[in-house]
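These are the residues of each chain, in order.
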Amino acid sequence: MAVKVTPRSEDYARWYTEIVQKADLADYAPVRGCMVIKPYGYALWENIKEGLDRRFKATGHANAYFPLFIPMSFLEKEAEHVEGFSPELAVVTVGGGKQLEEPLAVRPTSETIIGHMYAKWIQSYRDLPVLINQWANVIRWEMRTRLFLRTTEFLWQEGHTAHATAEEAMEETLLILDLYAELATEDAAMPVIKGRKSESEKFAGAVTSYTIEAMMGDRRALQAGTSHFLGQNFARAFDIQFLDENNELQYVWTTSWGMSTRMVGGVVMVHGDDQGLILPPRLAPIQVVVVPIWRDEEQKEAVLKAAAQVRAALEPEVRLKVDDREGLSPGWKFNDWEMRGVPLRIEIGPKDVEQGQVVLARRDRPGREGKTTVPVTGLAEAVRNMLDTLQADLYRRAEAFLKEHTAYPEDFEGLREAAADGFAYAWWCGSAECEAKVKEETSATIRCIPLDQGPGKGRCIVCGEEAAERAVFGRAY
RNA sequence: CGGGGCGUAGCUCAGUCCGGCUAGAGCGCGCGGUUUGGGUCCGCGAGGCCGCCGGUUCAAGUCCGGCCGCCCCGACCA
């Protein structure tokens, strides 16, 4: 009965932090800015990971592993790259009790060391393309950290590819962006906007950065995945050259792309409510929880037997848990599993056993409204349908929310209002000055220049000059 | 790095202003009973270097100095 979480409307940041901990996703570690991902949170990450890994492999990528330590000199080889990352590097200067000859950076990302290796591996156009991904941890010494959203150490995948032509590399960059968007929309039920980053927001060392941007429950933007076209910047810095069909020496074209444990935070913030998490069925570590209800031993036996039959009917297709813990009331268990965001609950009591039925309760519809009684015969079918419906409804709800808080302002005042409420699509001339002015006056930034532009031209919402593109403005995480 | 807050039981905190004898509550945990269709109730119990170091004092959770850490808000970032 008692509310245990700060309501979202009262303090969104606090709601988020509390929910992540109370749903057992993560806990603070004894090191500043670091967190422990607990088994339940890790299981959620593993499902995201599997969704990505499957898609990468289906498109010809292979996993490999590169070292955690990167010689400092490597990072310094690409001018923009070092400038972008040096403020947040962790550096090892002592090893085995001795001062190191060359300090080692703990990888903040692996373009440099992978570039170094690619230079060794690539000789001929026959060696291309190289399509490698790695699952790894990285360290970035951030000022302010938040569980999952920005931690000093985080887990991610980073893909690094090398191609013979610019076209092919660009194709790869956009292919990956599509895979990210697919994971977000289909698995995480998270609507996203695919777009290009502005110069000021792009990855340090990239020619062009692409992103998927999602709207969180507080109407702020979360960059959920990025894919970079690196041109020949790293190829030149690391001398990655190959002989083409005409026996001419050329630099390769590279890409890099990443999605991180931040995505877990995104799932929490897109779907969660004041009762706790709401997990999309495709990603939920537990899709269905069975809560047996009994009064005496006789009932207990009958109910648990029915629960076992339900389990047998649903497993292994459905990830299911029977909560047969003693001494906890059903109501307590309901709240507990709601906090953890389990999409579907099956209640089985003596009455149900008697009548050959169970009660299904869907997480996205609180209380009695979300409950339906279904016969045990054909339960598997009903559960499968319900999970599909839930997955679709979660997406629809998030999409409606996104649309509701997206505006198309015509003037600067309108932009100010729209950006305070959510996302604003507006014409932008492309100048850094206009971009900076918006940031300064509204605290909103250009989240991306959407790939999906729609027709026509307009005038920059800031300076009034001709503008060829619309940008999406919003306050960001 | 700037601003604010906080370090006392596993958690949330009271006690600190105004020093005092055996350091408290609620939740959680263990045991027994009672309950179980939306966070049952009762009893008993375990659990503390009061963040760390130093100082003042007959006496420090409490006063003084220093240090460390964490959280929140801003500037940087997946």
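Rules behind the numbers
Residues numbered from 1 in each chain as written. Chains lettered and ligands numbered in written order. Predicted model: local features only at pLDDT ≥ 70, side-chain atom pairs only at ≥ 80, totals over all residues. Heavy atoms only, no water. Helix = DSSP H or I, 4+ residues; strand = E, 2+ residues; numbered from the N terminus. Rg over C-alpha atoms; globule rule 2.2 N^0.38 Å. Buried < 20%, exposed > 50% of the residue type's maximum accessible area, 1.4 Å probe, protein only. Contact = heavy atoms within 4.5 Å. Areas by Shrake-Rupley, 256 points an atom, 1.4 Å probe, with all protein chains shown as cover. Lys, Arg positive; Asp, Glu negative; His and termini not counted. Charge placed at Lys NZ, Arg CZ, Asp CG, Glu CD. Domains from an automatic or database assignment. Buried area = accessible area lost by both parts, 1.4 Å probe. Salt bridge = Lys/Arg side-chain N within 4 Å of Asp/Glu carboxyl O. Polar contact = N/O pair within 3.5 Å; in protein donor to acceptor, adjacent residues only side chain to side chain. Nonpolar A, V, L, I, M, F, W, Y, C, P; charged D, E, K, R; others polar. Pairing = 2+ DSSP bridges. Axes fitted to C-alpha atoms, helices over the stretch in contact; angles between N-to-C directions. Parallel < 35°, antiparallel > 145°, perpendicular 65-115°, else oblique. Left-handed = near helix turned anticlockwise from the far one by under 90°.

1. Some remarks on the overall build of chain A
Along its length, chain A carries 14 helices and 25 strands. At 25 Å, chain A has a C-alpha radius of gyration in line with the 23 Å of a compact globule built from 477 residues. Along the three orthogonal principal directions, the C-alpha set of chain A runs to about 80 × 60 × 45 Å. For chain A, with 477 residues in total, the buried portion stands at 54%. Contacts spanning at least 24 positions in sequence make up 70% of the contacts within chain A whose residues lie at least 6 apart. Carbon and sulfur atoms provide 50% of the accessible area of chain A, an area that totals close to 21,600 Å². For chain A, the separation between the mean place of its 56 positive charges and that of its 72 negative charges on side chains is 5 Å.

2. Digging into the domain arrangement of chain A
Per the domain assignment, the segments of chain A are domain 1 (12-271), domain 2 (288-387) and domain 3 (406-474). A separation of 40 Å is found between the C-alpha centroids of domain 1 and domain 2. On the domain 2 side, the residues contacting the six residues of domain 1 number four residues. Of the roughly 450 Å² buried where domain 1 meets domain 2, counting both sides, 53% is carbon and sulfur surface. Of all residues in domain 1, the largest losses of buried area upon contact with domain 2 belong to Lys22, Ala23 and Tyr40, amounting jointly to 66% of the total for that side. Joining domain 1 to domain 2, the criterion identifies one salt bridge. Counting across the domain 1 and domain 2 interface gives two residue pairs in polar contact (both at pLDDT 80 or more). Mapped by element, the contributors of at least two residues to the side of domain 1 that touches domain 2 are α1 (12-22) and α2 (39-58). Partitioned by chemical class, the residues of the side of domain 1 that touches domain 2 number three nonpolar, one polar and two charged.

3. As for the sheet that holds strand β22 (residues 445-450)
The eleven strands are arranged β3-β7-β8-β14-β11-β10-β9-β22-β25-β21-β20 in an open sheet whose pairing can be described as mixed. Each of the sheet's edge strands pairs with one partner strand only, and the pair in question is β3 (62-63) and β20 (406-407). The pairing of strand β8 (residues 153-163) with strand β14 (residues 253-260) spans eight bridges and is antiparallel. Counted as the bridge partner of His163 is Trp253 from β14. Helix α6 (residues 166-187) rests against β7 (130-139), β8, β9 (193-196), β10 (208-215), β11 (221-231) and β14 of the sheet, and its axis sits at about 10 degrees to β14.

4. Some thoughts on the environment of Asp393
Mapped onto the elements of the fold, Asp393 is located in helix α12 (residues 379-404). With 113 residues separating them along the chain, Asp393 and Pro280 place their C-alpha atoms 9.5 Å apart.

5. Remarks on the sheet that holds strand β5 (residues 90-95)
Here three strands make up an open sheet; going across it, the order is β4-β6-β5 and the pairing antiparallel. Only two strands of the sheet have a single neighbouring strand rather than two, namely β4 (69-71) and β5. With strand direction ignored, the average angle separating the axes of adjacent strands in the sheet is 50 degrees. Bridge count between β5 and strand β6 (residues 98-106): five bridges; the pairing is antiparallel.

6. Description of the environment of Phe154
Tracing the sequence through the fold places Phe154 in strand β8. Filtering out sequence-adjacent residues up to four positions away, Phe154 remains in contact with Ala136, Asn137, Val138, Arg140, Ser260 and Thr261.

7. Notes on the pattern of salt bridges
Oppositely charged side chains are able to pair whenever their charged atoms sit close together. Applying the stated criterion to the full structure yields 32 salt bridges. Of the charged contacts, one joins Lys194 and Asp178 as a salt bridge, the two residues approaching to 2.6 Å between their closest N and O atoms. Remark: Asp178 occurs in helix α6 and Lys194 occurs in strand β9; sequence separation between them is 16 residues. Residue Asp178 is classed as partly exposed on the basis of its relative accessible area, which comes to 37%. Linked through salt bridges whose partners overlap, the residues forming this network are Asp24, Lys38, Asp323, Arg325, Lys333, Asp336 and Arg340.

8. Let's talk about the packing of α1 against helix α8 (residues 262-271)
Contact pair α1 / α8: the axes reach a minimum separation of 11 Å and the direction vectors enclose 120 degrees. In this view, α1 runs oblique relative to α8, as classed from their interaxial angle. For the pair α1 and α8, the crossing hand works out as right-handed. Listed contacts from α8 to Tyr12, Trp15, Tyr16 and Ile19 of α1 are Gly265, Val268 and Met269.

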